[in-house]
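Structural characterization, general
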Amino acid sequence: MSRLKELKTPVFWAEGHPGALDRVGWKIEVKGLCNNPKTISWNELSGLPKTIADARLTSVTRFSVRGNWGGVALADILELVKTDAGAKYVRFWSVKKIYDTSIPLDIAGMKKTLLAYEFDGELLEEDYGGPVRAFCPYLWGYKSAKSVVGIELLDRYISGYWEKRGYSDDALIKAGPVRDMNEGGRLRHIPDGEVISFLDE
Ligand SMILES: Nc1nc2c(c(=O)[nH]1)N[C@H]1C(S)=C(S)[C@@H](COP(=O)(O)O)O[C@H]1N2
Ligand SMILES: [Mo]
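Let me begin by describing the structure that accompanies this report. Computed from a prediction, not measured in an experiment: that's the story for all the values here. Position numbers for residues start from 1 in each chain and track the written sequence from start to end. Here every chain gets a letter starting at A, and every ligand a number starting at 1, in the order they are written. The model is predicted, so local features are restricted to residues of pLDDT at least 70 and side-chain atom pairs to those at 80 or more, both for listing and for counting; the totals for chains, interfaces and linings are taken over all residues. Side-chain measures were taken over the full set of non-hydrogen atoms in the model, leaving aside hydrogen atoms and water.

Here we take up the site of ligand 1. Each residue is tested against the molecule or strand, and it is near if at least one of its non-hydrogen atoms lies within 4 Å. In the vicinity of ligand 1 lie 19 residues, with Pro10, Ala14, Glu15, Arg133 and Lys146 positioned nearest. In protein, a polar contact requires one atom able to donate a hydrogen and another able to accept it; more generally it is a pair of N or O atoms within 3.5 Å, and residues adjacent in sequence count only if both atoms are side-chain atoms. Backbone polar atom of Phe12 to an oxygen atom of ligand 1: 2.9 Å apart, as the coordinates give it. At 2.9 Å, a side-chain N or O of Ser94 approaches a nitrogen atom of ligand 1. Here, Shrake-Rupley sampling with a 1.4 Å probe gives the accessible areas, and only protein chains in the shown set may cover a residue. Relative to its free-state accessible area of 530 Å², ligand 1 is covered by the protein chains to the extent of 99%. Classifying every residue of the shell around ligand 1 gives eleven nonpolar, five polar and three charged. Under the scheme applied here, ten amino acids are nonpolar (Ala, Val, Leu, Ile, Met, Phe, Trp, Tyr, Cys and Pro), four are charged (Asp, Glu, Lys and Arg), and all others, including Gly, are polar.

The next thing to look at is the nonpolar core. Residues belong to a common nonpolar core when they are buried Ala, Val, Leu, Ile, Met, Phe, Trp, Tyr or Cys residues joined through side-chain atoms within 4.5 Å. Three exposure classes are used, based on accessible area relative to the maximum for each residue type with a 1.4 Å probe and protein chains only: buried under 20%, partly exposed in between, and exposed over 50%. Among the nonpolar cores identified, the biggest contains 38 residues, and Leu74, Val90, Phe92 and Ile151 are the most heavily contacted of them. We count a stretch as a helix when DSSP gives it H or I for four or more residues in a row; a strand needs E for two or more, and each element gets its number in order from the N terminus. Taken together, the elements giving at least two residues each to this core come down to β1 (27–32), α2 (42–47), α3 (74–81), β5 (89–94), α4 (105–108), β7 (114–119) and β10 (148–154). Residue contacts for Leu74: discarding those within four places in its chain leaves Val90, Phe92, Ala108, Thr113, Leu114, Leu115 and Ile151. Within the second largest apolar cluster, 15 residues are counted, among which are Leu114, Ala116, Phe119 and Tyr128. Contacts are assigned to residue pairs that have any heavy atoms within 4.5 Å of one another.

Two side chains bearing opposite charge may form a pair once their charged atoms approach each other closely. Note on definitions: salt bridges are taken to be side-chain nitrogens of Lys or Arg within 4 Å of carboxyl oxygens of Asp or Glu. Throughout the structure, instances matching the rule amount to 13 salt bridges. With its nearest N and O atoms 2.3 Å apart, the salt bridge here joins Lys5 to Asp127. Of this pair, Lys5 sits in helix α1 (residues 3–6) while Asp127 sits in the loop between β8 (122–123) and β9 (133–135), and the two are 122 residues apart along the sequence. Residue classification places Asp127 among the buried positions, given a relative accessible area of 19%. Linking Lys143 and Glu163 is a salt bridge whose minimum nitrogen-to-oxygen distance equals 2.7 Å.

What follows is about the packing of aromatic side chains. Ring geometry is summarised as follows: Phe, Tyr and Trp rings, the Trp one being its six-membered ring, pair when their centres sit within 6.5 Å, and such pairs are stacked at plane angles under 30 degrees, edge-to-face over 60 and tilted between the two. Going through the model one piece at a time under the given rule, you end up with nine aromatic pairs. Ring plane angle 25° and centroid distance 5.0 Å describe the contact between Trp162 and Tyr167, whose orientation is recorded as stacked. Looking at Tyr167, the relative accessible area reads 25%, which means it is partly exposed. Taken together, the aromatic side chains of Tyr99, Tyr142, Tyr161, Trp162 and Tyr167 make up a single cluster linked through ring pairs. Directly above the aromatic system of Trp42 lies the positively charged group of Arg23, at a separation of 5.8 Å from the ring centroid. Throughout this description, the term charge over a ring refers to an Arg CZ or Lys NZ atom that lies within 6 Å of the ring centre and within 35 degrees of the ring normal.

With that settled, consider the environment of Gly109. Summarising the element assignment, Gly109 is placed in the loop between α4 and β7. Through-space distance from the C-alpha of Gly109 to that of Leu78 is 7.8 Å; in sequence the pair is 31 residues apart.

What follows is about the environment of Ser94. Assignment of secondary structure puts Ser94 in strand β5. Considered as a pair, Ser94 and Arg133 are 39 residues apart in the sequence and their alpha carbons are 8.2 Å apart. Residue contacts for Ser94: discarding those within four places in its chain leaves Glu15, Tyr99, Ala145, Lys146, Ser147, Val148 and Val149.

Now for unusual backbone geometry. The step from Gly130 to Pro131 runs through a cis peptide bond, and the omega angle for that step is -5°. Mapped onto the elements, Pro131 comes out in the loop between β8 and β9. Phi at Lys97 is positive, roughly 55°, even though this residue is not glycine. Relative to the helices and strands, Lys97 resides in the loop between β5 and β6 (100–104).

Remember that the coordinates give geometry; whether it matters functionally is a separate question.
This is how it looks when you write it as structure tokens:
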């Protein structure tokens, strides 16, 4: 059983579970405001330098799970496609293209924002957004789109799946009690999803 499952991390698929996904055949199309739009295959992605981020995924539904998320820094992907000066937001599309969400380019470029394919050294399974998901510990979990097939660079903000249904566009993690999945779901205060401590690292 995967570590995320052992920790009983809730599984969210607002658009419905996608079922089994093909890791080796996985492709992510990166397009929009960049000079070198490209489709990145699983092979290419897994050959890029790996970044491991010790950080939390914190949901607005008040659970939080911490571990070593591994993948490619989104900053490295943005460099690869040569982002235009006019790009201001990064939009993620999940498999089936029903779920999307966008984050500001400056947060996309932060150290622990990843295209993640691992948690605690294990490849991500479909339940948790495998083969490749967005991971952004600085914002509420709904910005961390699962099973990403598309990335779009935009000059303006577009509300995503949950934002259109009432979740805040900026998704700044607010203080308050959350169920810490690393402690068996114990309700405790995790100030701002520990974002401030992550900023210092
Ligand atoms: N495609 C897709 N991505 C998604 C979601 C979803 O419903 N569909 N839920 C989001 C929300 S609200 C959270 S908190 C996290 C949850 O990740 P998990 O299901 O791996 O725990 O995924 C985010 N990414
Ligand atoms: Mo969430």
